[in-house]
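# Observations on the three-dimensional arrangement
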Amino acid sequence: MLIFLKLYNYIINFSTIKIWTLVLFYISICAVLIQFIVLPVFLSESHWGGGFLENTDAITYHRISSEVAARINIEGFSAWSIKPQAKEYAISQIISGVNGLVSLVYAYTTPKLWTMIPVNAVIHATSSILLLNILLLLGFRRSWSIIALIPFIFFPSSAQWWSQLGKDGIFILGFFSVIYATIYSMNLPSIKNSFKPFLFFLGGNILIWSVREYMVNALMFMLFISLIFYYLHSMY
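Criteria and cut-off values
Residues numbered from 1 in each chain as written. Predicted model: local features only at pLDDT ≥ 70, side-chain atom pairs only at ≥ 80, totals over all residues. Heavy atoms only, no water. Helix = DSSP H or I, 4+ residues; strand = E, 2+ residues; numbered from the N terminus. Contact = heavy atoms within 4.5 Å. Areas by Shrake-Rupley, 256 points an atom, 1.4 Å probe, with all protein chains shown as cover. Expected span 1.5 Å × (residues − 1). Buried < 20%, exposed > 50% of the residue type's maximum accessible area, 1.4 Å probe, protein only. Polar contact = N/O pair within 3.5 Å; in protein donor to acceptor, adjacent residues only side chain to side chain. Patch = residues over 30% accessible without salt bridge, like charges linked within 9 Å, V, L, I, M, F, W, Y side chains within 5 Å. Salt bridge = Lys/Arg side-chain N within 4 Å of Asp/Glu carboxyl O. Phe/Tyr/Trp six-rings, centres within 6.5 Å; stacked < 30°, edge-to-face > 60°. Lys NZ or Arg CZ within 6 Å of the ring centre and 35° of its normal. Core = buried A, V, L, I, M, F, W, Y, C linked by side-chain atoms within 4.5 Å. Axes fitted to C-alpha atoms, helices over the stretch in contact; angles between N-to-C directions. Parallel < 35°, antiparallel > 145°, perpendicular 65-115°, else oblique. Left-handed = near helix turned anticlockwise from the far one by under 90°. Nonpolar A, V, L, I, M, F, W, Y, C, P; charged D, E, K, R; others polar.

Per the secondary structure count, the protein chain includes ten helices and two strands. Secondary structure elements of the protein chain occur, N-terminal to C-terminal, as α-α-β-β-α-α-α-α-α-α-α-α. Put simply, of all contacts in the protein chain between residues at least 6 apart along the chain, 64% involve residues at least 24 apart. When the accessible surface of the protein chain is split by element, carbon and sulfur atoms take 70% of a total near 13400 Å².

What follows is the structure, encoded as structure tokens:
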């Protein structure tokens, strides 16, 4: 019991940058293990090759991004776009910001899944910190907020987006950015200090639009209703 208490006291005193760094390294190490050991050795029947899980959209993203990357290397940066049109590359009807991000990384490194490990790790670590800040802004104690991060960081299903290629990691980062910006702006004493939340709000919406365009309107509607209730509550 004493060991768990010491561990608890140690964890809750982590600084924000330490949490971000630990999540970054944890995700990076786990992704390497999944791509190079777990799938090829222990789950070979589900391994498509190159660290990819069989029968997933990640393979299509990889194919599209590889072709876009090849075009970038030949034609230059003008061949790139945030959401490359699949019909131009004759592979699939999937049109997503995932292709834009991955193709950019592939073009300047090599078209291999492992090159996305640090990018996915940064996305997941940053989402974790945003979630922590959201909980703190809502008034939760830092110790409980850090504990609440554990399921998000370590839940096995999240490996689907940080060890492969997919929309979820980008969408979650965008969603948390918008929520953080909204709650942060509600606590501002003056609109003069709204530049920071505006950047998070804008960046979050761009990320959401890039992978799930239909969710932007739905999210804006929900936030609008939430703001109405918030201001009505503050007035009465």
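Text resumes after the structure shown.
With that settled, the discussion passes to helix 4 (residues 97-108). Between the first and last C-alpha of helix 4 there are 17 Å, a value that for twelve residues agrees with the 16 Å anticipated at 1.5 Å per step. With nine of twelve residues buried, helix 4 is to be regarded as a mostly interior element. For helix 4, the full list of buried residues reads Gly-97, Val-98, Asn-99, Gly-100, Val-102, Ser-103, Val-105, Tyr-106 and Ala-107. Elements in contact with the buried residues of helix 4: strand 2 (52-53), helix 3 (57-75), helix 5 (117-137), helix 8 (168-186) and helix 9 (195-211). Between a side-chain oxygen at the N-terminus of helix 4 and the backbone nitrogen of Val-98 the separation is 3.1 Å; the capping residue is Ser-96.

What follows deals with the side chain of Ser-103. Checked against the element boundaries, Ser-103 lands in helix 4. Polar contacts involving the side chain of Ser-103 include one to the main-chain carbonyl oxygen of Asn-99, which spans 2.7 Å. Once residues lying within four places of it in the same chain are set aside, the contact partners of Ser-103 are Ser-65, Val-68, Ala-69, Ile-72 and Trp-80.

Quick look at a nonpolar patch on the surface now. Nonpolar side chains collect at one region of the surface, where Phe-25, Ile-29, Val-32, Leu-33, Phe-36, Ile-37, Val-38, Val-41, Phe-42, Leu-43 and Trp-114 lie side by side and expose about 1000 Å² of accessible area between them. With respect to the helices and strands, the residue Val-38 is situated in helix 2 (residues 16-42).

This part is about unusual backbone geometry. The phi angle at Asn-55 is positive, at roughly 55 degrees, despite the residue not being glycine. Mapped onto the elements, Asn-55 comes out in the loop between strand 2 and helix 3.

With that out of the way, let us pick up the packing of aromatic side chains. The geometry of an aromatic ring pair is captured by two quantities: the separation of the ring centres and the angle between the planes. The tally for this structure, following the rule as stated, stands at ten aromatic pairs. Here a set of aromatic residues connected by ring pairs shows up, and it is made of Phe-152, Trp-161, Phe-171, Phe-175 and Phe-176. In this structure, Lys-83 packs its charged tip against the face of Trp-209, placed 4.5 Å from the ring centre.

If you look at soluble globular proteins, the nonpolar side chains tend to sit buried side by side. Membership of the largest hydrophobic core comes to 58 residues, with the highest contact counts inside it found for Ile-19, Phe-52, Tyr-106, Phe-152, Trp-162, Leu-165 and Phe-176. By residue number, the principal contributor to this core is helix 5, which donates ten residues.

With that settled, consider the environment of Trp-114. With respect to the helices and strands, Trp-114 occurs in the loop between helix 4 and helix 5. Given the relative accessible area of 44%, Trp-114 is considered partly exposed. The spatial distance from the C-alpha of Trp-114 to the C-alpha of Gly-50 is 8.3 Å, given a sequence separation of 64 residues. The residues touching Trp-114, leaving out its near neighbours within four places in the chain, are Gln-35 and Phe-36.

Contact pair helix 5 / helix 8: the axes reach a minimum separation of 9 Å and the direction vectors enclose 25 degrees. Judged on the interaxial angle alone, helix 8 and helix 5 are roughly parallel. Helix 5 and helix 8 meet at a crossing whose hand is left-handed. Of the residues in helix 8, those in contact with Ile-123, Thr-126, Ser-127, Leu-130, Leu-131, Asn-133, Ile-134 and Leu-137 of helix 5 are Gly-169, Ile-170, Ile-172, Leu-173, Phe-176, Ser-177, Ile-179, Tyr-180, Ile-183 and Tyr-184. Per-class residue counts for the contact of helix 5 with helix 8 are 13 nonpolar, five polar and no charged.

Each pair of packed helices can be described by the angle between their axes along with the distance between the axes. Their axes nearest at 8 Å, the elements helix 2 and helix 5 cross at an angle of 140 degrees. Compared by their axis directions, helix 2 and helix 5 come out oblique. For the element pair helix 2 and helix 5, the recorded crossing hand is right-handed. In this structure, helix 2 uses Thr-16, Ile-19, Trp-20, Val-23, Leu-24, Ile-27, Ser-28, Ala-31, Val-32 and Gln-35 to contact helix 5, whose residues at the interface are Ile-117, Pro-118, Ala-121, Val-122, His-124, Ala-125, Thr-126, Ser-128, Ile-129 and Leu-132. Tallied by class, the residues present in the contact of helix 2 with helix 5 amount to 14 nonpolar, six polar and no charged.

In this section: the environment of Ser-185. The residue Ser-185 is located in helix 8 in this model. It is 8.4 Å that separates the C-alpha atoms of Ser-185 and Phe-198, two residues lying 13 residues apart in sequence.

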